[in-house]
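Tertiary structure, described
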Amino acid sequence: MESTRNKLIDLLAKDKDTYISGQMLSEHLGISRSAVWKHMKNLEKDGYQIEGKSNKGYRIISFPDKLSENTIKWGLNTSWLGSKIIHKESTPSTQVIAHQLAQEGSPHGTIVLADEQTSGRGRLNREWFSSKGKGIWMSIILRPEILPYLAPQLTLLTATVLAEVVQKNTTVTPMIKWPNDILINKKKTAGILTEMQAEQDQIQYVIIGIGMNINQTKEDIPIEIQSKATSLRVESSEKHSIKQFIHLILEEFEKAYDSYLINGFPEVKKKWERYGFKIGESISITTLRDQFQAIFSGIAEDGALLVKQKDGEIKKLYSAEIEW
Ligand code: BTN
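Residues numbered from 1 in each chain as written. Predicted model: local features only at pLDDT ≥ 70, side-chain atom pairs only at ≥ 80, totals over all residues.

An unreviewed UniProt entry annotates the protein as Bifunctional ligase/repressor BirA of Virgibacillus halodenitrificans. We quote the UniProt Sequence similarities (unreviewed entry) comment for the protein here in full: "Belongs to the biotin--protein ligase family." Recorded in UniProt for the protein, the comment headed Catalytic activity (unreviewed entry) runs: "biotin + L-lysyl-[protein] + ATP = N(6)-biotinyl-L-lysyl-[protein] + AMP + diphosphate + H(+)". (UniProt positions renumbered as here; feature names shortened; annotations may be inferred.)

Now the structure itself:
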């Protein structure tokens, strides 16, 4: 059951410019006015900034930087993404919770976030390190009305969203390494794991898992991956607000997704290729049958890698080992 405290925050968070009187709060919550006052004092202790005016009432001026369903909702400028938010301090993996919720019918746009994941997972069943309070560990439930074979386009779209957010809000320059790793100075700072439940011609749901290293110091990054992995903090020498980054990602994602549904994939492809790592350069490719050098020329509509061979022929590759 929702706690009185959460109900109180919800009421105050509805409109940040409106004061709500102690009388109204006490009636809505079914508690005395002195209990309302005590709740306010406790919220202040937890980092909420609350203004109380004698003839107007109370309003929240700012939320603490800590993550919670309420603090994420506050100031989030989206219309459908994040309409339902689940936050866990610690969980094995937000992907697992998102699958459960999706199967139970949670709506399009539900997001699951954690401060820490104890068994975070990446692509190809790799482990994903998700240390407490240092990054964004988030899964988004989508119910897109597109054909299942188009779902990989959503992964490419997510990569462009992450790249745009980093580009617009930090001093560093992101690149996207095929298929969807976000690099800064050639080291990985974010990854995307897309999982889908679908019938032949209909998607039930897609879960987009986003892992982004934000505030790790070099020492926080496990030694065995230090040569390939980094964080925004290491590369920009600045700490960032995780909550603010979540807002930026969700807002950019909603815009990109809505525009994708109207305008289709070409815009996403153009953006992806703008950030594409080594586009136009020679890369070394190993497939099951072959090993060869070719020019990385971009991505296809279905997310495949397009390479131009020596004889000028363009080849589409879905799985290959690539030496960058
Ligand atoms: C990759 O690059 O291999 C993808 C990494 C995806 C990690 C995120 S963190 C949130 C969500 N929960 C998980 O267990 N994995 C994804």
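A look at the overall build of the protein
In terms of helices and strands, the protein carries nine helices and 14 strands. Counting only residues that meet the buried cut, the protein has 35% of its 324 residues in that class. In the protein, of all internal contacts separated by at least 6 residues, the share reaching a separation of at least 24 is 58%. (Helix = DSSP H or I, 4+ residues; strand = E, 2+ residues; numbered from the N terminus. Buried ≥ 20, exposed ≤ 12 C-beta atoms within 10 Å, placed from the backbone. Contact = placed C-beta atoms within 7 Å.)

Considerations on the sheet that holds strand β11 (residues 291-299)
Judged by pairing direction, the sheet is antiparallel, and its five strands sit side by side in the order β13-β12-β11-β10-β14 without closing on themselves. Each end of this open sheet is capped by a strand with a single partner; those strands are β13 (314-317) and β14 (321-323). Recorded for the sheet is a direction-independent mean angle of 45° between the axes of neighbouring strands. Looking at chain direction, strand β10 (residues 282-286) and β14 are connected through three bridges and run antiparallel. Looking at β14, one finds that I285 is bridged to I322. (Pairing = 2+ DSSP bridges. Axes fitted to C-alpha atoms, helices over the stretch in contact; angles between N-to-C directions.)

Details of the sheet that holds strand β9 (residues 202-213)
Taken together, seven strands build an open sheet; the order of strands is β3-β4-β5-β9-β8-β7-β6 and the sheet is mixed. In this open sheet, the two edge strands, each paired with only one partner strand, are β3 (85-91) and β6 (174-177). For this sheet, the mean angle separating the axes of adjacent strands, direction not counted, is 20°. Note that β3 and strand β4 (residues 111-117) share six bridges and pair parallel. Within β4, the position partnered with H87 by the bridge is L113.

Topic: the nonpolar core
Counting residues in hydrophobic clusters, the biggest one holds 60 residues, and the most contacted among them are M138, L162 and I249. When residues of this core are sorted by domain, at least three fall in each of domain 2 (69-275) and domain 3 (282-323). In contact with L162, other than residues within four places in its own chain, are I182, A190, M212 and I249. (Core = buried A, V, L, I, M, F, W, Y, C linked by C-beta atoms within 7 Å. Domains from an automatic or database assignment.)

Some remarks on the UniProt feature "DNA-binding region" (unreviewed entry) in the protein
Mapped onto the present numbering, the UniProt feature "DNA-binding region" (unreviewed entry) falls at residues 22-41. The distance separating the terminal C-alpha atoms of residues 22-41 is 13 Å; by composition the span is 85% helix and 0% strand.

Focus on the UniProt feature "binding site: biotin" (unreviewed entry) in the protein
Here, UniProt's "binding site: biotin" (unreviewed entry) annotation points to Q117, R121, G122, R123 and K188. The class of Q117 is buried, set by 24 C-beta atoms lying within 10 Å. Not counting residues within four places of it along the chain, the set of residues in contact with Q117 comprises T91, P92, S93, T94, S130 and W137. Mapping R121 onto the fold places it in the loop between β4 and β5 (135-142). Ignoring sequence-local partners within four residues, the contact set of R121 consists of S93, Q95, E127, W128 and L193.

Comments concerning the domain arrangement of the protein
One can read the domain layout of the protein as domain 1 (4-62), domain 2 (69-275) and domain 3 (282-323). Spacing between the C-alpha centres of domain 1 and domain 2 amounts to 33 Å.

Digging into the site of the ligand
Lining the immediate surroundings of the ligand are 21 residues, of which S93, G122, G191, G209 and G211 lie closest. Residue assignment for the shell around the ligand shows that the elements contributing at least two residues are α5 (94-103), β5, β8 (187-199) and β9. A class-by-class count of the residues in the shell around the ligand yields six nonpolar, 11 polar and four charged. (Near = placed C-beta within 6 Å. Nonpolar A, V, L, I, M, F, W, Y, C, P; charged D, E, K, R; others polar.)

Comments concerning the pairing of β4
Most of β4 is tucked away, with six of its seven residues classed as buried. Sheet topology places β4 next to β5; four bridges connect them, and they run antiparallel. Among the inter-strand pairings, V112 is bridged to a residue of β5, identified as S139.

So, helix α6 (residues 152-169)
Here α6 contains 18 residues, and its C-alpha end-to-end distance of 26 Å stays within 8% of the 26 Å for a straight helix at 1.5 Å per residue. The element α6 is extensively covered by neighbouring structure, given that 14 of its 18 residues are classed as buried. (Expected span 1.5 Å × (residues − 1).)

A look at the environment of P92
Tracing the sequence through the fold places P92 in the loop between β3 and α5. For P92, a count of 15 C-beta atoms within 10 Å translates into the label partly exposed. Those residues in contact with P92 that sit more than four places away from it in its chain are Q117, T118 and S119.

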